[in-house]
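# Tertiary structure, described
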Amino acid sequence: MSDPEPLRNPSPPTTAPARVSFPMERWILAPRTTWQARRIAADFGPGMDAGTAWMMARLQRHPDEYPYMVRPLDGDQTS
């Protein structure tokens, strides 16, 4: 009688978390906000896009810009 095949210890898939990318202009013009947006997107996971993460970071640092950020999030467009 032969020994059964030993059970293998399956390792979890090793996939790197997807990073959102920001344009170079944002890194140059607002590096702290862009860095914070990158951290927000990394903490949230793969469901957050760069634009939303950047808006969240911008509002954390500059809450007075709220009226300018609400319009793109609501989808309102002025002609």
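One can find the structure itself at the top, above this paragraph.
The text that follows walks through the structure, step by step, so that each part is easy to find. (Residues numbered from 1 in each chain as written. Predicted model: local features only at pLDDT ≥ 70, side-chain atom pairs only at ≥ 80, totals over all residues. Heavy atoms only, no water.)

Attention now goes to the side chain of arginine 58. Structurally, arginine 58 can be placed in helix H3 (residues 50–61). Look at arginine 58 and you get buried, because its relative accessible area is 16%. Not counting chain neighbours up to four residues away, the residues in contact with arginine 58 comprise Ala30, Thr33, Glu65 and Met69. (Helix = DSSP H or I, 4+ residues; strand = E, 2+ residues; numbered from the N terminus. Buried < 20%, exposed > 50% of the residue type's maximum accessible area, 1.4 Å probe, protein only. Contact = heavy atoms within 4.5 Å.)

Here the focus is the pattern of salt bridges. This structure, assessed with the given rule, holds two salt bridges. The residue aspartate 43 makes a salt bridge to arginine 39 at a minimum N-O spacing of 3.3 Å. Of this pair, aspartate 43 and arginine 39 both sit in helix H2 (residues 31–44), four residues apart, roughly one helical turn. Ionic pairing is found between glutamate 65 and arginine 58, a salt bridge with its closest N-O pair at 3.0 Å. (Salt bridge = Lys/Arg side-chain N within 4 Å of Asp/Glu carboxyl O.)

Here arginine 38 is to be found in helix H2. Of the buried charged residues, arginine 38 lacks a salt bridge, with aspartate 43 as the closest side chain of opposite charge at 10 Å. If sequence neighbours within four positions are ignored, arginine 38 has contacts with Arg19, Phe22 and Trp27. (Lys, Arg positive; Asp, Glu negative; His and termini not counted.)

Turning our attention to H2. In an α-helix, one turn spans 3.6 residues, which is why side chains three or four residues apart end up on the same side. The end-to-end C-alpha distance of H2, which contains 14 residues, comes to 20 Å, matching closely the 20 Å that a straight helix rising 1.5 Å per residue would cover. Taken together, the buried positions of H2 are Thr33, Thr34, Ala37, Arg38, Ile40 and Ala41. Down the axis of H2, the sector holding all buried residues measures 160 degrees, keeping them to one side. Facing away from the buried side of H2 by more than 90 degrees, the exposed set consists of Arg32 and Asp43. Downstream of H2 by a residue or two, glycine 45 has a phi angle that is positive, lying close to 115 degrees. (Expected span 1.5 Å × (residues − 1). Arc of directions from axis to C-beta.)

For the rest of this paragraph, the subject is the nonpolar core. Generally speaking, soluble globular proteins have nonpolar side chains that are buried together. Among the nonpolar cores identified, the biggest contains 13 residues, and Val20, Phe22, Ala37, Ile40, Ala53 and Trp54 are the most heavily contacted of them. Ranked by residue count, the leading element in this core is H3, at five residues. Among residues more than four places away in sequence, those in contact with tryptophan 54 are Phe22, Arg26, Ala30, Thr33, Thr34, Ala37 and Met69. (Core = buried A, V, L, I, M, F, W, Y, C linked by side-chain atoms within 4.5 Å.)

Summed over all chains, the structure comprises two aromatic pairs. Ring geometry for phenylalanine 22 and tryptophan 27: centres 6.5 Å apart, planes at 85 degrees, overall edge-to-face. Judged by its relative accessible area of 28%, tryptophan 27 is partly exposed. Grouped by ring-pair contacts, the aromatic residues Phe22, Trp27 and Trp35 constitute a single cluster. Cation over ring: arginine 26 sits above tryptophan 54, and NZ or CZ is 4.1 Å from the ring centre. (Phe/Tyr/Trp six-rings, centres within 6.5 Å; stacked < 30°, edge-to-face > 60°. Lys NZ or Arg CZ within 6 Å of the ring centre and 35° of its normal.)

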